[in-house]
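Fold and geometry: a report
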Amino acid sequence: MGKKVAIVGAGVSGLAAIRCCLEEGLDPICFERSIDVGGLWKFSSHAEEGRASIYQSVFTNSSKEMMCFPDFPYPDDFPNYMHHSKLQEYITSFAQKKGLLRYIQFETLVSSIKKCSSFLTTGQWVVVTEKEGKQESVLFDAVMICSGHHVYPNMPTDSFPGLEHFRGKCLHSRDYKGPGAFQGKKVLVIGLGNSASDIAVELSRLATQVIISTRSGSWIMSRVWNDGYPWDMVYVTRFTSFLRNILPSFVSDWLYIKKMNTWFKHENYGLMPLNGPLRKEPVFNDELPSRILCGMVTIKPIVTKFTETSAVFEDGTVFEAIDCVIFATGYGYAYPFLDDSIIKSRNNEVTLYKGIFPPQLEKPTMAVIGLVQSLGAAIPTADLQARWAAKVFTNTCVLPTTNEMMDDIDEKMGKKLKWFGQSHTLQTDYITYMDELSSFIGAKPNIPWLFLTDPQLALEVYFGPCSPYQFRLMGPGKWDGARNAILTQWKRTVKPTRTRAVGEAQRPRHLYDLLRMLFFPVFFLAVLLTFY
């Protein structure tokens, strides 16, 4: 085997890292503090220190065809949106069939990662681990940090005057596991992300009253999109991405807001974001508008202060006799085993080249996998990040200079602030990002060549969903089954829903959708030419 690589965490990012290291002839050793793979998706009935935590009712927001490992499709009878137990079953199957478990040391805590004394010449790291009370120090040629960013809860208690006097119960969404303990209670949920919405909707069936307090609002999307297809199978396409990037911003913003309001008018429900055109991640919840419409959930502005038993909102209204406050206020980025200056190298912000490499390291022997957020799924993103990182470790790919990487970070940051806002600086456009990473390793789909050599496949790649298989279609790491997986993805999508077969299975019509999308701008241009 080649260079020794330490991998921290055996969630989906860690498994992707192990597999990609093996593909490049590296020698990976993965350290996982729990007893199983899965990371975030491995459910536990109680929150464990140092581990991500989910609630019992969690379902995926990405559909199965969009969130698989690129050469490992889900069984065709799996539901499109999966309960966490179903996803954990898939993750375990992937680890077993790819032979990854032998490279994982379970119940092993990484307590320290430091540069070795000869780092300037070797780029090596000293990794200190702990198992059953015994510490071990091992030298590694490279490190991949795959521990995720849903571990350390953000509890902004200082932002709420009077909270220290509140006599009810306070907890973070990380500690929420189910609604049973809240029956007959009055609950205030702080935040309007996916967790906040899920928890509020679930509690509304048992609690006496549920109020969501939001600072800035959110777009609420249904998992069920045009004609009943999964949202990401229809929305995350190369053609749609092309239109978003070439249209003038005022047109793009107008279309975006119009689409977000297709299901219901957000302003009528108190959900309208303060800065509507920002492309921050929407909230996926099929029930929240209905619960608001039925009066079971109420949306209020930010809390200005707490009393012993109540909360006062920005509009002057008061929520009395509160039993519990749940803070669904996200997570902080923390790596307690690593010196902060390596990851947060500027203004205490996470500063990484392409969201992966610390730009100021003297040797490119550390990569952070799975930290970038996008409207795409985490599994294919982590797979592509790990493929590139493994090639950098083997010197097959070379990174730019530190100055060039910092310039790129600054340039990308300006675009991110414009598109996603100040609080979403780790967010990125999915297809643009995936194409960028795949181009570094020679795996980006060559669309013009496909139209010349395989028109059927080209139409599906360009106008259909940008599914993970596209990034194992050609180049290094090519998967022979990628073409067939792309051409049969709609068949697997409708398989679990067609349990009562009525007529022929339907699938999107790319040409019709293209003509429908082009009708308005062509009609508008025709009107202008008529008058001028």
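Residues numbered from 1 in each chain as written. Predicted model: local features only at pLDDT ≥ 70, side-chain atom pairs only at ≥ 80, totals over all residues. Heavy atoms only, no water.

By the naming in an unreviewed UniProt entry, the protein chain goes by Flavin-containing monooxygenase and is assigned to Mus musculus. Quoted verbatim from the Sequence similarities (unreviewed entry) heading of the UniProt record, the comment on the protein chain is "Belongs to the FMO family." The Cofactor (unreviewed entry) field of the UniProt record for the protein chain holds the comment "FAD". (UniProt positions renumbered as here; feature names shortened; annotations may be inferred.)

1. A few points about the sheet that holds strand E4 (residues 109-115)
With antiparallel pairing, the three strands of this open sheet are ordered in space as E4-E5-E6. Among the strands making up the open sheet, the edge pair consists of E4 and strand E6 (134-140). Adjacent strand axes in the sheet meet at a mean angle of 20 degrees when their direction is disregarded. Examined bridge by bridge, E4 and strand E5 (residues 125-131) share six bridges and lie antiparallel to one another. Across the sheet, the residue bridging to Val110 is Thr129, located in E5. (Pairing = 2+ DSSP bridges. Helix = DSSP H or I, 4+ residues; strand = E, 2+ residues; numbered from the N terminus. Axes fitted to C-alpha atoms, helices over the stretch in contact; angles between N-to-C directions.)

2. Things to note about the nonpolar core
The biggest cluster of nonpolar side chains holds 120 residues, and the ones touching the most others in it are Tyr90, Met144, Phe357 and Trp388. Considering each element in turn, this core owes the most residues, nine residues, to helix H10 (residues 378-393). Each of two domains, domain 1 (4-151 + 332-399) and domain 2 (155-222 + 263-330), supplies a minimum of three residues to this core. Counting residues in each nonpolar core, the second largest holds 24 residues, with Ala6, Ile113, Phe140 and Ile145 among its members. (Core = buried A, V, L, I, M, F, W, Y, C linked by side-chain atoms within 4.5 Å. Buried < 20%, exposed > 50% of the residue type's maximum accessible area, 1.4 Å probe, protein only. Domains from an automatic or database assignment.)

3. Focus: the packing of aromatic side chains
Inspection of the entire model under this criterion finds 28 aromatic pairs. Between Trp231 and Tyr235, the ring centres sit 6.3 Å apart and the planes meet at 45 degrees, which makes this aromatic pair tilted. With Trp231 and Tyr235 both in helix H5 (residues 231-235), this residue pair falls four residues apart, about one helical turn. Residue class for Trp231 comes out buried when judged on its relative accessible area of 1%. Relative to Phe463, the ring of Phe239 has its centre 5.2 Å away and its plane inclined at 50 degrees; by these criteria the two rings are tilted. (Phe/Tyr/Trp six-rings, centres within 6.5 Å; stacked < 30°, edge-to-face > 60°.)

4. What about the pattern of salt bridges?
If you walk through the whole model with that rule in mind, you get 22 salt bridges. With a closest N to O distance of 3.4 Å, Glu48 and Arg51 form a salt bridge. Take Glu48: its relative accessible area is 26%, and that puts it in the partly exposed class. Each member of the salt-bridge network shares a partner with another, and the members are Arg19, Glu23, Asp71, Lys98, Asp383 and Arg472. (Salt bridge = Lys/Arg side-chain N within 4 Å of Asp/Glu carboxyl O.)

5. Remarks on empty space enclosed by the protein
The tally for this structure, following the rule as stated, stands at three cavities of 30 Å³ or more. In this model, the second largest cavity occupies a volume close to 40 Å³. Together, Lys42, Phe43, Ser44, His46, Ala47, Glu48, Arg51, Ala52, Ser53, Ile54 and Lys177 line the second largest cavity. Across the lining of the second largest cavity, the residue classes tally to four nonpolar, three polar and four charged. (1 Å grid on protein atoms, 1.4 Å probe; cavity = no way out; pocket = protein on both sides within 12 Å on 5 of 7 lines; lining within 4 Å. Points joined across faces, edges and corners; volume = space filled by probe spheres on them. Nonpolar A, V, L, I, M, F, W, Y, C, P; charged D, E, K, R; others polar.)

6. Focus: helix H4 (residues 194-203)
Burial within H4 is extensive, with nine of its 10 residues counted as buried. Listed as buried for H4 are Asn194, Ala196, Ser197, Asp198, Ile199, Ala200, Val201, Glu202 and Leu203. Looking at the buried positions of H4, the neighbouring elements they touch are strand E10 (186-190), strand E11 (209-213), strand E13 (283-284), helix H8 (288-293), strand E14 (297-300) and strand E18 (324-327). (Contact = heavy atoms within 4.5 Å.)

7. A short note on the packing of helix H6 (residues 238-246) against helix H14 (residues 455-463)
It is the contact of H6 with H14, at a shortest axis distance of 5 Å, that shows an interaxial angle of 50 degrees. Taken together, the axes of H6 and H14 are oblique relative to one another. Listed contacts from H14 to Arg238, Phe239 and Phe242 of H6 are Val461, Tyr462 and Phe463. Among the residues forming the contact of H6 with H14, the class breakdown is five nonpolar, no polar and one charged. (Parallel < 35°, antiparallel > 145°, perpendicular 65-115°, else oblique.)

8. A short note on the sheet that holds E18
What the five strands build is an open sheet, ordered E9-E18-E10-E11-E14; its pairing is parallel. Across the chains shown, the open sheet's two edge strands, defined by having one partner strand only, are strand E9 (169-172) and E14. Within the sheet, the average angular offset between the axes of one strand and its neighbour, ignoring direction, is 20 degrees. The pairing of E11 with E14 spans four bridges and is parallel. Note on E14: the bridge partner recorded for Ile212 is Ile299. Against the sheet, H4 makes contact with E10, E11, E14 and E18, and its axis sits at roughly 165 degrees relative to E11, the strand it touches most.

9. A word on helix H2 (residues 84-97)
An ideal rise of 1.5 Å per residue puts 20 Å on 14 residues; H2 measures up with 20 Å between its terminal C-alpha atoms. Residues His84, Leu87, Gln88, Tyr90, Ile91, Ser93, Phe94 and Ala95 constitute the buried set of H2. Buried positions along H2 lie against helix H1 (12-23) and H10. Gly99 occupies a position one or two residues after H2 and carries a positive phi of about 70 degrees. (Expected span 1.5 Å × (residues − 1).)

10. Some thoughts on the pairing of strand E2 (residues 27-31)
In terms of residue burial, E2 counts as a mostly covered element, since four of its five residues are buried. As paired elements, strand E1 (residues 4-8) and E2 share five bridges and run parallel to each other. What sits directly across from Val5, in E2, is Pro28. The parallel pair E1 and E2, bridged by H1, forms a crossover whose chirality is right-handed. Between E2 and its parallel partner strand E3 (residues 104-105), the chain crosses via H2, and the hand of that crossover is right-handed. (Right-handed = clockwise from strand over helix to strand, strands pointing away.)

11. What about the domain arrangement of the protein chain?
Domain annotation for the protein chain reports domain 1 (4-151 + 332-399) and domain 2 (155-222 + 263-330). Computed from C-alpha atoms alone, the centre-to-centre distance between domain 1 and domain 2 is 32 Å. Residue-level contacts link 18 residues of domain 1 with 12 residues of domain 2. When the two sides are added together, the surface that domain 1 and domain 2 hide from each other amounts to roughly 1,100 Å², 46% of it contributed by carbon and sulfur. A per-residue breakdown of the area domain 1 buries against domain 2 is headed by Tyr55, Asn61 and Leu375, which together make up 50% of the total. Put simply, domain 1 and domain 2 have zero salt bridges between them. (Buried area = accessible area lost by both parts, 1.4 Å probe.)

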